[in-house]
Amino acid sequence: MYHDIDRINLRTMRSAAVVAQYARPATTRPDELLPHERAALDAIQAEVRGGAILDIGVGGGRTVTALRELSTDYLGIDYSPEMVAASQARYPDVRFAHADARHMTDIPDASIDLAVFSCNGISMVGHSDRLAIMREVHRVLKPRGIFLFTTYNRNSPEARAGFCFPEFEASLNPARLLVRSARHLRDTAISVVQRLRHLRHEVHTPDYAVINDKCHNHGVMLYYITLAQQRRQLQEAGFDAHASAYDCTGQRIVDDTTLDSMALIARKARAQRAASPGE
């Protein structure tokens, strides 16, 4: 099952259309960070400024500028070689590498001050692989190092949405309307085919779900989890309990949220002091 999820998602993340989409600079966000990514990064920037930064799942390079404003000791990695090439082309003087977050064998223990996994990238793998990523991030972080990442929320309506038609933007220009209509029909057909193909790979448990999400015309399987369960996973991987969290509008989450994406700030827990004889 996990092999199927990985195969589906990696195929999508290596496709030329998706790579081009991720590599295209945003026009509405000057620093290209999403609101909850920006809020979480602002909250910890004083702690990590000048430190070693690991940008996991760098994609087309959306997060590079914002993170390098904190430190030039930066490495961006991605498991899609095509994404790595797109980032390198966009930022030729920045350090990137083809690497898998589940097995970051080239990154030494306790060498990173801040690890970032943006754009819900940790949700692109199955359950055991997700736990492996958290353990690997914990390994490479320095004592009290920070893991900042975003993930999909199982308490959101998106987690129960099922099949969704692609968005359609109308136009008063007849030629433009014709092109958009043709594109919408094409994307709808692709969405239906991929939904039928991938639905059997969905996983639903009391703790999490892996869903054939609407992203990329239902071309991905995405992991959804509640905030409480995510905090439990982090603690079991060696991070502090009660990781702080932000919703996708950039507001600090006090109790819970029903919005679709959450950013979390997890700190590597202090090592337990060994008990002395007689204690």
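In the block above lies the structure referred to throughout.
The shown structure was predicted, so the numbers you read here are calculated from the model rather than taken from an experiment.

About the cut-offs
- Residues numbered from 1 in each chain as written.
- Predicted model: local features only at pLDDT ≥ 70, side-chain atom pairs only at ≥ 80, totals over all residues.
- Heavy atoms only, no water.
- Salt bridge = Lys/Arg side-chain N within 4 Å of Asp/Glu carboxyl O.
- Buried < 20%, exposed > 50% of the residue type's maximum accessible area, 1.4 Å probe, protein only.
- Helix = DSSP H or I, 4+ residues; strand = E, 2+ residues; numbered from the N terminus.
- Contact = heavy atoms within 4.5 Å.
- Pairing = 2+ DSSP bridges.
- Right-handed = clockwise from strand over helix to strand, strands pointing away.
- Core = buried A, V, L, I, M, F, W, Y, C linked by side-chain atoms within 4.5 Å.
- Disulfide = S-S within 2.5 Å.
- Polar contact = N/O pair within 3.5 Å; in protein donor to acceptor, adjacent residues only side chain to side chain.

Novice: Explanation requested: the pattern of salt bridges in the structure shown.
Specialist: Note that side chains of opposite charge can pair when their charged atoms are close. Evaluation of the coordinates by the stated rule reveals 18 salt bridges. Taking the shortest distance from any N to any O, the salt bridge between Arg 186 and Asp 187 comes out at 3.0 Å. On the basis of relative accessibility, which here comes to 15%, the residue Asp 187 falls in the buried class. Ionic pairing is found between Glu 236 and Arg 232, a salt bridge with its closest N-O pair at 2.9 Å.

Novice: Whenever I open this one, the environment of Ala 269 confuses me. Can you help?
Specialist: Here Ala 269 is to be found in the segment after strand E10 (261-267). In this structure Ala 269 touches Arg 144, Gly 238, Phe 239 and Asp 240, once residues within four positions along its chain are discounted.

Novice: Is there a simple way to think about the pairing of strand E4 (residues 112-117) in this case?
Specialist: Regular strands place side chains that alternate from one sheet face to the opposite one. Within E4, 6 of the 6 residues are buried, which leaves the element mostly enclosed by the surrounding structure. Two strands pair when backbone bridges link them, and strand E1 (residues 53-56) and E4 are joined in this way by 4 bridges, in the parallel orientation. Pairing of Leu 54 across the sheet is with Ala 115, part of E4. Both E4 and strand E5 (residues 141-153) contribute to a ladder of 5 bridges, which runs parallel. When the sheet's bridge partners are listed, Phe 117 is paired in E5 with Phe 149. Regarding topology, helix H6 (residues 127-140) serves as the crossover connection from E4 to the parallel E5, and that connection is right-handed.

Novice: What should I look at first to understand the nonpolar core in this one?
Specialist: General note: in soluble globular proteins, nonpolar side chains tend to be found buried as a group. Leu 54, Ile 56, Val 137, Phe 147 and Leu 234 are the most contacted members of the largest nonpolar core, which has 30 residues in total. Among the elements that line this core, the one with the most residues is H6, at 4 residues. When residues no more than four places from it in sequence are discounted, the contact partners of Leu 54 are Leu 75, Ile 77, Met 104, Ile 107, Ile 112, Leu 114, Ala 115, Val 116 and Val 140. Of all hydrophobic cores here, the second largest spans 24 residues; its members include Ala 39, Val 48, Val 64 and Val 94.

Novice: How should I be thinking about the state of the cysteines in this particular structure?
Specialist: The bond known as a disulfide is covalent and runs between the sulfur atoms of two cysteines. Summed over all chains, the structure comprises 0 disulfides. Looking at the unpaired Cys 164, the closest cysteine sulfur is the one in Cys 215, lying at 9.7 Å.

Novice: Explain the side chain of Asp 55 here, please?
Specialist: Mapping Asp 55 onto the fold places it in strand E1. A polar contact of 2.5 Å, which involves the side chain of Asp 55, links it to the side chain of Thr 63. Of note is the side chain of Asp 55, whose polar atom sits 2.7 Å from the side chain of Tyr 74. For Asp 55, the residues in contact, after removing those within four places along its chain, are Thr 63, Val 64, Leu 67, Tyr 74, Leu 75, Gly 76, Ile 77 and Val 116.

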